[in-house]
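So the chains spell out like this:
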Amino acid sequence: MEMRELMLAAAYAAAVRAAVRLGLADAVGDTPAAVEDVARTVGAEPGALRRLLRALAARGVFTEQDDGRYAHTELSRSLREDAPRGIKYNVLWSTEPWTWEVWPRLDEAVRTGKSVFLDLHGKDFFDYLHADAPESAEVFDRAMTQSSGLSARAIADTLDLSGAHTVADIAGGQGLVLATLLERHPTLNGVLLDLPEVVANADGRLRDGGALAARARLVPGDCRMEIPVRADVYILKNILEWDDESTVRTLRNVAAAAPPGARVIVIENLVDGSPEMSFTTAMDLLLLLNVGGKKHTRDGLVALAGEAGLRVLRVEPVNSYLHLIESIVETEGGAGTEKGGARGNGARDA
């Protein structure tokens, strides 16, 4: 029975994606709703919608009442646009059209140990997103912002920034984590570095005229090429998920830019020590397929930090799915910078 469910797991991913695209979670209110009413609201055929809701309810997304109406569950509420801890855009990102192209070629990726994306589309993953799939790129940005929203407060609670003057969020997306830290620490200055098209759409609080703009600087760039930012603390959240060479190169670029004594805070979903192993190991396989990357083990990431010339001080959990690895830069210029590498600041996830 378990194997039959596993072999059709794609059906459940497709069902959750359909629920988001139809807006089912927003159409069902605080009281149970009749399928016919929901169908009119979302513009669906009632019979087919009932079948979709039945499949979702089998996995705990919505629940069917004795009278045939459907009501919310904790899982279905997480798909609402207004959910405080919602993952609507993460659901869309994990089920974008390109994902259905790469999963059937997992055996090939396992044989070669390499991404299948270049062979499929003739270009690297992030080049494809920005050039050929702008809607998917937008979903990516919104998903990363949503993910940061789930973890930003936990990170702010965990990080001790006393004595720090400037913090740099490297490949920090739209800057939600940075904005949260600046709001928490009124005397702190911040730098957000990411690709030009990403920082152009940074959190409004960080841009000109925003509430935090006087203490924030937006720097367009690619962290695998160079990090032209000097700071007391560098944060790299869910970006060191490429091949090991690219990960070490990025950490060396941080070390090359940082003054002695600067702290480097890496925040990642580790493969080991996580209560969310099903999620983390599945995302590990997706990273293999799309960018040739991976999720790290604790020892593996600590070793890569050492190879980049950083001294690891501590590893500790941030919340149920993230770990913090804190390192220090001991010498001016660190281990030196290595320029080059593929474009794109990473494949950040929840």
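A. Examining the overall build of the chain more closely. Along the chain, the regular secondary structure elements total 17 helices and nine strands. Relative to the compact-globule value of 20 Å for 350 residues, the chain shows a C-alpha radius of gyration of 21 Å, a close match. Dimensions of the chain, computed from the C-alpha atoms along their principal axes, are close to 70 × 50 × 35 Å. By residue count, 51% of the 350 residues in the chain fall in the buried class. Within the chain, residue pairs in contact and separated by at least 24 positions form 70% of the contacts whose partners lie at least 6 positions apart. Summing over all exposed atoms, the chain offers an accessible surface of approximately 15,800 Å²; the carbon and sulfur share of this is 52%. One way to put it: in the chain the 38 positive side-chain charges average out to a point 2 Å from where the 51 negative ones average out.

B. Focus on the nonpolar core. The biggest cluster of nonpolar side chains holds 44 residues, and the ones touching the most others in it are Leu 24, Phe 62, Trp 93, Trp 98 and Leu 129. One finds Ala 171, Ala 255, Ala 262 and Leu 270 within the second-largest nonpolar core, a separate group that totals 33 residues.

C. Seen up close, the pattern of salt bridges. Inspection of the entire model under this criterion finds 23 salt bridges. Between Asp 132 and Lys 123 there is a salt bridge, and its shortest N-O distance comes to 3.2 Å. Lys 123 gets classed as partly exposed once you look at its relative accessible area, which sits at 27%. Where Arg 249 meets Glu 245, a salt bridge forms, and the shortest distance between an N and an O atom there is 3.2 Å. A residue pair is termed a helical-turn pair when its members lie 3 or 4 positions apart in one helix, as Arg 249 and Glu 245 do in helix α15 (residues 244-257) at four residues. With a relative accessible area of 7%, Arg 249 lands in the buried category. For Glu 245, a relative accessible area of 51% puts it in the exposed group. Residues participating in the shared-partner salt-bridge network are Arg 263, Arg 314, Glu 316 and Glu 326.

D. The pairing of strand β3 (residues 166-170), seen in detail. Buried residues dominate β3, accounting for five of its five residues. Going residue by residue along β3, you find Thr 166, Ala 168 and Ile 170 tucked away on one face and Val 167 and Asp 169 tucked away on the opposite face as well. Direction of pairing for β3 relative to strand β4 (residues 189-194): parallel, over a ladder of five bridges. What sits directly across from Val 167, in β4, is Gly 190. For the crossover from β3 across helix α13 (residues 176-184) to β4, the handedness is right-handed.

E. How the structure looks around the sheet that holds strand β6 (residues 233-237). Here we have seven strands laid out as an open sheet, ordered β5-β4-β3-β6-β7-β9-β8, and mixed in their pairing. Looking at strand neighbours, the two that pair on one side only are β5 (216-220) and β8 (311-317), the edges of this open sheet. Between one strand axis and the next, the sheet turns by 20 degrees as a mean value, whatever way the strands run. Both β6 and strand β7 (residues 263-268) contribute to a ladder of five bridges, which runs parallel. Looking across to β7, one finds that Leu 236 is bridged to Val 266. The strands touched by helix α12 (residues 134-158) are β6, β7, β8 and β9 (323-328); relative to β6, the strand with the most contacts, the crossing angle is about 145 degrees. Sheet strands touched by α13: β3, β4, β5 and β6. Its angle to β4, the strand with the most contacts, is close to 180 degrees.

F. Looking closely at the side chain of Gln 146. You can see Gln 146 is positioned in helix α12. For Gln 146, a relative accessible area of 17% translates into the label buried. At 3.5 Å, the side chain of Gln 146 and the backbone oxygen of Gly 86 are in polar contact. Separated by 2.8 Å, the side chain of Gln 146 and the backbone nitrogen of Tyr 89 make a polar contact. Beyond its immediate chain neighbours, meaning those up to four positions away, Gln 146 contacts Gly 86, Ile 87, Lys 88, Tyr 89 and Asn 90.

G. Structural detail: unusual backbone geometry. Phi at Phe 62 takes a positive value of approximately 75 degrees, unusual for a residue other than glycine. Structurally, Phe 62 can be placed in the loop between α5 (46-58) and β1 (63-64). According to the relative accessible area criterion, Phe 62 is buried, its value standing at 1%. One non-glycine residue, Asn 238, lies in positive phi territory at about 50 degrees. When you line up the elements, Asn 238 lands in the loop between β6 and α15. The exposure class assigned to Asn 238 is buried, which follows from its relative accessible area of 0%.

H. Spotlight on α5. The end-to-end C-alpha distance of α5, which contains 13 residues, comes to 18 Å, matching closely the 18 Å that a straight helix rising 1.5 Å per residue would cover. Within the sequence span of α5, burial applies to Leu 49, Leu 52, Leu 53 and Leu 56. An end-on view of α5 places all buried positions within 100 degrees of arc, on one side of the element. Facing away from the buried side of α5, by more than 90 degrees, are the exposed residues Arg 51 and Ala 58.

What counts and how
Residues numbered from 1 in each chain as written. Predicted model: local features only at pLDDT ≥ 70, side-chain atom pairs only at ≥ 80, totals over all residues. Heavy atoms only, no water. Helix = DSSP H or I, 4+ residues; strand = E, 2+ residues; numbered from the N terminus. Rg over C-alpha atoms; globule rule 2.2 N^0.38 Å. Buried < 20%, exposed > 50% of the residue type's maximum accessible area, 1.4 Å probe, protein only. Contact = heavy atoms within 4.5 Å. Areas by Shrake-Rupley, 256 points an atom, 1.4 Å probe, with all protein chains shown as cover. Lys, Arg positive; Asp, Glu negative; His and termini not counted. Charge placed at Lys NZ, Arg CZ, Asp CG, Glu CD. Core = buried A, V, L, I, M, F, W, Y, C linked by side-chain atoms within 4.5 Å. Salt bridge = Lys/Arg side-chain N within 4 Å of Asp/Glu carboxyl O. Pairing = 2+ DSSP bridges. Right-handed = clockwise from strand over helix to strand, strands pointing away. Axes fitted to C-alpha atoms, helices over the stretch in contact; angles between N-to-C directions. Polar contact = N/O pair within 3.5 Å; in protein donor to acceptor, adjacent residues only side chain to side chain. Expected span 1.5 Å × (residues − 1). Arc of directions from axis to C-beta.

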